[in-house]
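# Results of the structural survey
Each chain, letter by letter, is given below.
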Amino acid sequence: MPTSRIHLSPPHVGEWEQFFVEEAFTSNYLAPLGPMVERLEEEFSALTGFPHCLALNSGTAAMHLALRHLYDQFKITLSKKKKERPVVVASTLTFIGSVSPARFLDCDLHFIDSDRETWNMDPLLLDEELHWCRNHGLAVLAVAATDLYGQCCNVPALQEICQRHQTPLIIDSAESLGAQYYDHHGERHAAGRGGACAIYSFNGNKIITTSGGGMLASDNRELIEHARKLSQQAREAVPWYEHREIGYNYRMSNLLAALGRGQLRVLQQRVERKREICGLYQEYLADVPGISFMPEADYNQANRWLTVILIDPEKFGAAPLEIIERLEQENIESRPLWKPMHLQPVFRHCRVRGGGVSEELFALGLCLPSGTAMSDSQIEDISNLIRSCGNS
Ligand SMILES: *Cc1c(COP(=O)(O)O)cnc(C)c1O
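Criteria and thresholds
Residues numbered from 1 in each chain as written. Predicted model: local features only at pLDDT ≥ 70, side-chain atom pairs only at ≥ 80, totals over all residues. Heavy atoms only, no water. Disulfide = S-S within 2.5 Å. Buried < 20%, exposed > 50% of the residue type's maximum accessible area, 1.4 Å probe, protein only. Pairing = 2+ DSSP bridges. Helix = DSSP H or I, 4+ residues; strand = E, 2+ residues; numbered from the N terminus. Axes fitted to C-alpha atoms, helices over the stretch in contact; angles between N-to-C directions. Contact = heavy atoms within 4.5 Å.

Turning to the state of the cysteines, a few remarks are in order. Counted under the stated rule, the structure contains zero disulfides. Cys162 supplies the cysteine sulfur nearest to Cys133, a cysteine that is in no disulfide, at a spacing of 12 Å. For Cys133, a relative accessible area of 1% translates into the label buried. This cysteine, Cys197, is not joined by any disulfide, and Cys53 carries the nearest cysteine sulfur, 11 Å off. Judged by its relative accessible area of 0%, Cys197 falls in the buried class.

Spelled out as structure tokens, the structure:
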């Protein structure tokens, strides 16, 4: 087995990245903002189909700005009618960066379980929860639905429900850039399309990276322009520094945008390799009793950011944590799934609708090394190691 560590999803950069970073360097545009940021936004817009895009320093910042914009509108239109704090309804099986921004704004979080077919937000449970909120006089600021491990959430179903309840849908596509889904008419859309806005992440472990970064994207110009202003300390458009509201320092730097432009050019290759890696694991582990794979819902083509398996400990002969330990001995990183938010101590007072599905996935799931620079034989070796943990 290799001696250097095999990570879950390490950065994978090449010549394009070097080319653009050098260009940024030689043009001396190291200052935070610059032409690379604008180019990246344009190229991201062309790729996803969103007319308005805003490059930021993290996906968490993107979610914060999206919610903050909706919150400001909410204060204007609804504050006199509703006494309670607004609610953000979110996927429970997700990464905390998806939901902590709701708490930055002092909103309440209500969590929704996954369904078994997609592992993403269950539309029926969402509908029930939105009814419940209305019956209890609670104002829902937004629904935040995650595209888990690169699989698009069921956008047509979620969007229909959100429209009926007049609630904006924010799609958390931090893990799903490059994935696609089909709507009821069979039309194809980039992951993240179809809601009020979408957030993306270029963190170091994501399918493409700027070492740290994110994007907020929308059809709504007003939303993006307000977010743009908020991301730059909410400076007013006058020659001196004038501030009428409180903003943040959330913009992406020019140098990192250069890295992002290089990465965007290889995104399609990365998606193809991620899907290939998942296919190889499926091949090598096909006959192992007690191992199954995260299903790919037929309405989408996932990017398979991470290959995720479920272990039935009885049939397989070992539990996920035992496999993690065995792989760790060979310096190979593997991990449990995201621990559901409703099980997190910090959210113990939050409502959850359902919960059993995500709890089971957390107990039985395992994320496998999925780096796009891995060789086929490394994947075969890892598969054989996993197999050797079981009975067969
Ligand atoms: C990574 C991630 C985020 C946050 O992105 P950062 O760029 O790390 O802030 C949000 N949601 C999900 C589902 C993620 O996986």
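A separate point is the sheet that holds strand E1 (residues 52–56). As summarised here, the arrangement of the eight strands in space is E1-E9-E8-E5-E4-E2-E3-E13, forming an open sheet in which the pairing is mixed. The sheet terminates laterally at E1 and strand E13 (351–353), the two strands that pair on one side only. Adjacent strand axes in the sheet meet at a mean angle of 20° when their direction is disregarded. Pairing of strand E3 (residues 108–112) with E13, which is carried by three bridges, proceeds in the parallel orientation.

Turning our eyes to something else, we now look at the environment of Asp72. Inspection of the secondary structure puts Asp72 in helix H3 (residues 59–78). When residues no more than four places from it in sequence are discounted, the contact partners of Asp72 are His226 and Glu245.

On to the pairing of strand E4 (residues 140–146). Along any regular strand, the residues point their side chains to alternate faces of the sheet. Burial analysis of E4 places seven of its seven residues in the buried class, which makes it a mostly covered element. Two strands pair when backbone bridges link them, and strand E2 (residues 87–91) and E4 are joined in this way by four bridges, in the parallel orientation. Bridge pairing in E4 links Val87 to Val140. Of the strand pairs in this sheet, E4 and strand E5 (residues 169–172) are connected by four bridges, and their pairing is parallel. Bridge pairing in E5 links Ala144 to Ile170.

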